[in-house]
Amino acid sequence: MDYHLTEDQRAIVDMAERFTADEITPNAAEWDEKHVFPADVLRKGAELGFASIYVSEEMGGCGLGRLEAALIMEAMAYGCPSTSAFYSIHNMASWMIDAFGSDALRKRYLPKLITMEHMASYCLTEPGAGSDAASLKTTAVRDGDHYVLNGTKAFISGAGVNDVYVVMARTGGDGARGISTLVVDRDTQGVSFGAAERKLGWHSQPTAMVMFDNARVPVENLVGEEGIGFKIAMAGLDGGRINIGACSIGGAQRCLDDAVNYVQERKQFSQRIADFQNTQFMLADMRTRLEAARALLYIAALKVTENAADKTQFAAMAKLLSTETGSAVVNDALQLHGGYGFLMDYPVERFHRDLRVHQILEGTSQIMKFVIGRDMVG
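Being a predicted model, the structure only gives us computed values, none of them experimental.

Caption draft 1: Spotlight on the state of the cysteines. Summed over the entire model, instances satisfying the criterion amount to 0 disulfides. Cysteine Cys247 shares no disulfide, and the gap to the nearest cysteine sulfur, in Cys80, comes to 9.4 Å. The class for Cys247 is buried, based on a relative accessible area of 0%. Free of any disulfide, Cys255 has its nearest cysteine sulfur in Cys80, 12 Å distant. Judged by its relative accessible area of 1%, Cys255 falls in the buried class.

Caption draft 2: Layout of the pairing of strand β1 (residues 120-123). Residues Ala120 and Tyr122 line one face of β1 and the alternating positions Ser121 and Cys123 line the opposite face, and both faces are buried. Sheet topology note: the β1/strand β4 (residues 164-170) ladder contains 4 bridges and is parallel. Residue pairing in the sheet places Ala120 in a bridge with Val164 of β4.

Caption draft 3: Spatial organisation of unusual backbone geometry. Positive phi outside glycine occurs at Met116, with the angle close to 65°. With respect to the element layout, Met116 can be found in the loop between α6 (103-115) and β1. Owing to a relative accessible area of 0%, Met116 belongs among the buried residues under this scheme. With a phi close to 55°, Asn307 is a non-glycine residue in the positive phi region.

Caption draft 4: Highlighting the pattern of salt bridges. In this structure the tally under the stated criterion is 19 salt bridges. Residue Asp143 pairs with Arg216 through a salt bridge whose shortest N-O separation is 2.9 Å. On the criterion of sequence distance, the pair formed by Asp143 in strand β2 (residues 139-143) and Arg216 in strand β7 (residues 207-218) is long-range, its members being 73 residues apart. Looking at Asp143, the relative accessible area reads 39%, which means it is partly exposed. The partly exposed category is assigned to Arg216, whose relative accessible area is 39%. Put simply, Glu58, Asp98, Asp103 and Arg106 are held in one network by salt bridges that share partners.

Caption draft 5: Spatial organisation of the environment of Met209. Inspection of the secondary structure puts Met209 in strand β7. Sequence separation between Met209 and Arg241 is 32 residues; the distance between their C-alpha atoms is 22 Å. Excluding residues that lie within four positions of it along the chain, Met209 makes contacts with Pro127, Thr152, Lys153, Ala154, Ala159, Ser192, Phe193, Gly194 and Glu197.

Caption draft 6: Structural context of the packing of helix α5 (residues 81-100) against helix α7 (residues 229-265). Between α5 and α7, whose axes approach to 9 Å, the crossing angle comes to 160°. Judged by the angle between their axes, α5 and α7 are roughly antiparallel. α7 is crossed by α5, and the crossing has right-handed handedness. Taking contact as the criterion, the partners of Pro81, Ser84, Ala85, Ser88, Met92, Trp95, Met96 and Phe100 in α5 are, on α7, Ile232, Ala233, Ala235, Gly236, Leu237, Gly240, Asn243, Ile244, Cys247 and Gly251. A class-by-class count of the residues in the contact of α5 with α7 yields 12 nonpolar, 6 polar and no charged.

Caption draft 7: Looking closely at the packing of helix α3 (residues 39-47) against α5. α5 packs onto α3 with a crossing angle of 55° between their chain directions and a minimal axis gap of 11 Å. In terms of orientation, α3 and α5 fall into the oblique class. Along this stretch, α3 crosses α5, giving a crossing that reads as right-handed. Along its contact with α3, which presents Val41, Leu42, Gly45 and Ala46, the element α5 presents Thr83, Phe86 and Tyr87.

Caption draft 8: Focus on helix α1 (residues 7-24). Here α1 is 18 residues long and its end C-alpha atoms lie 24 Å apart, about the 26 Å a rise of 1.5 Å per residue gives. Considered for burial, the residues of α1 that qualify are Gln9, Ile12, Val13, Ala16, Phe19, Thr20 and Ile24. Projected down its long axis, α1 shows its buried positions confined to an angular sector of 130°, all on one face. Turned more than 90 degrees away from the buried face of α1, the exposed residues are Glu7, Arg18 and Asp22.

Caption draft 9: Region of interest: the environment of Lys112. One can find Lys112 in helix α6. Sequence separation of Lys112 and Leu124 is 12 residues, and the distance between their C-alpha atoms is 22 Å. Not counting the four nearest positions on each side in its chain, Lys112 is found in contact with Glu117 and His118.

Caption draft 10: Region of interest: empty space enclosed by the protein. Tallied over the entire structure, the rule returns 1 cavity of 30 Å³ or more. Of the pockets and cavities examined, the largest cavity occupies roughly 30 Å³. Around the largest cavity, the lining residues are Ala28, Trp31, Asp32, Cys80, Ser82, His203, Ser204, Arg350 and Asp354. The set of elements that each furnish at least two residues to the lining of the largest cavity consists of α2 (28-34) and α10 (348-356). The dominant element in the lining of the largest cavity, judged by the number of residues it contributes, is α2, at 3 residues.

Caption draft 11: Highlighting the side chain of Gln359. Relative to the elements of secondary structure, Gln359 occurs in the loop between α10 and α11 (365-377). Assessed through its relative accessible area of 13%, Gln359 is described here as buried. At a separation of 2.8 Å, a polar atom in the side chain of Gln359 contacts the side chain of Ser327. If we ignore the near neighbours within four places in the chain, the residues touching Gln359 are Lys319, Thr323, Glu324, Ser327, Thr364 and Ser365.

Caption draft 12: Local environment of helix α9 (residues 311-337). Between the first and last C-alpha of α9 there are 38 Å, a value that for 27 residues agrees with the 39 Å anticipated at 1.5 Å per step. Counting buried residues in α9 gives 19 out of 27 residues, a clear majority hidden from the surface.

Conventions adopted
Residues numbered from 1 in each chain as written. Predicted model: local features only at pLDDT ≥ 70, side-chain atom pairs only at ≥ 80, totals over all residues. Heavy atoms only, no water. Disulfide = S-S within 2.5 Å. Buried < 20%, exposed > 50% of the residue type's maximum accessible area, 1.4 Å probe, protein only. Helix = DSSP H or I, 4+ residues; strand = E, 2+ residues; numbered from the N terminus. Pairing = 2+ DSSP bridges. Salt bridge = Lys/Arg side-chain N within 4 Å of Asp/Glu carboxyl O. Contact = heavy atoms within 4.5 Å. Axes fitted to C-alpha atoms, helices over the stretch in contact; angles between N-to-C directions. Parallel < 35°, antiparallel > 145°, perpendicular 65-115°, else oblique. Left-handed = near helix turned anticlockwise from the far one by under 90°. Nonpolar A, V, L, I, M, F, W, Y, C, P; charged D, E, K, R; others polar. Expected span 1.5 Å × (residues − 1). Arc of directions from axis to C-beta. 1 Å grid on protein atoms, 1.4 Å probe; cavity = no way out; pocket = protein on both sides within 12 Å on 5 of 7 lines; lining within 4 Å. Points joined across faces, edges and corners; volume = space filled by probe spheres on them. Polar contact = N/O pair within 3.5 Å; in protein donor to acceptor, adjacent residues only side chain to side chain.

Set out below in structure tokens:
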């Protein structure tokens, strides 16, 4: 197994790191404090291909694999996990249209999604259907050459701001096989949005409910065919879970680096904190856990790219380990900062807040364990 990045992959990382250093890191604290949605910066990233990482080259995307996507997300999360995660969600929704949509649908939506002239949301979760996503209640009833949508989606990133919504809705009976996927435009009559949610973190992107009240969506906006929507949604989540894990790794790496710098400068009892064996042991544990999580994440990313039979299990394992480890490392980094880590003057408190949700969205840690264990026992 070759664990070295290729020259192309290294160049991708360098580009993402430069973009992060120039455009994201200097502004992330202000975006967080003032709840700024940095649309202009996101579009600058799109010029570098960050909005179409694994959209096919045929449609104007980069056509890269999931490891390259993870490398980009990790690099951007070093500056702001919230902004990096927004790119992940946009990429996931765009890929679903590219991978499963008709040629007409792809040609209609992808050009503007690739440039982020239009931005996309992924709409699966509902107020009463979180971990049990297959129990969703939003309906899409066929009426001539339209589907009529009714229902509510919850915790939707970009709701009210984004132009395109990839929506999972029930076109058939109960359970996963009754779900289909539709692309819905923001200005569709009958589509409305709830108030912006007041969140612990992820302040650089808006989150709200999306409501459908007899919203008429053209039949040609169906992604794939009826009844495979849940399959499409889960395929999107395999890659999304890799990306969110990468966001945790990148954020945790930033906090580990900051902690190393801090303990070398801070003195107590007439010596640097770094000189205490206890500090060195903490740093050693943090780095070891982080490198182990990163290694599993990269392996899982390759399996998703290769469409390996066990890709879903590895994606779940990678998300579980990366998000749990990321939060633990950031928590330890905050501890090493002492009281200063609790202040907004130091980035570690922002990363602590931003990374916490990674153990919940796109499958909680408990659901990841369920996915892994279910496969083990058949």
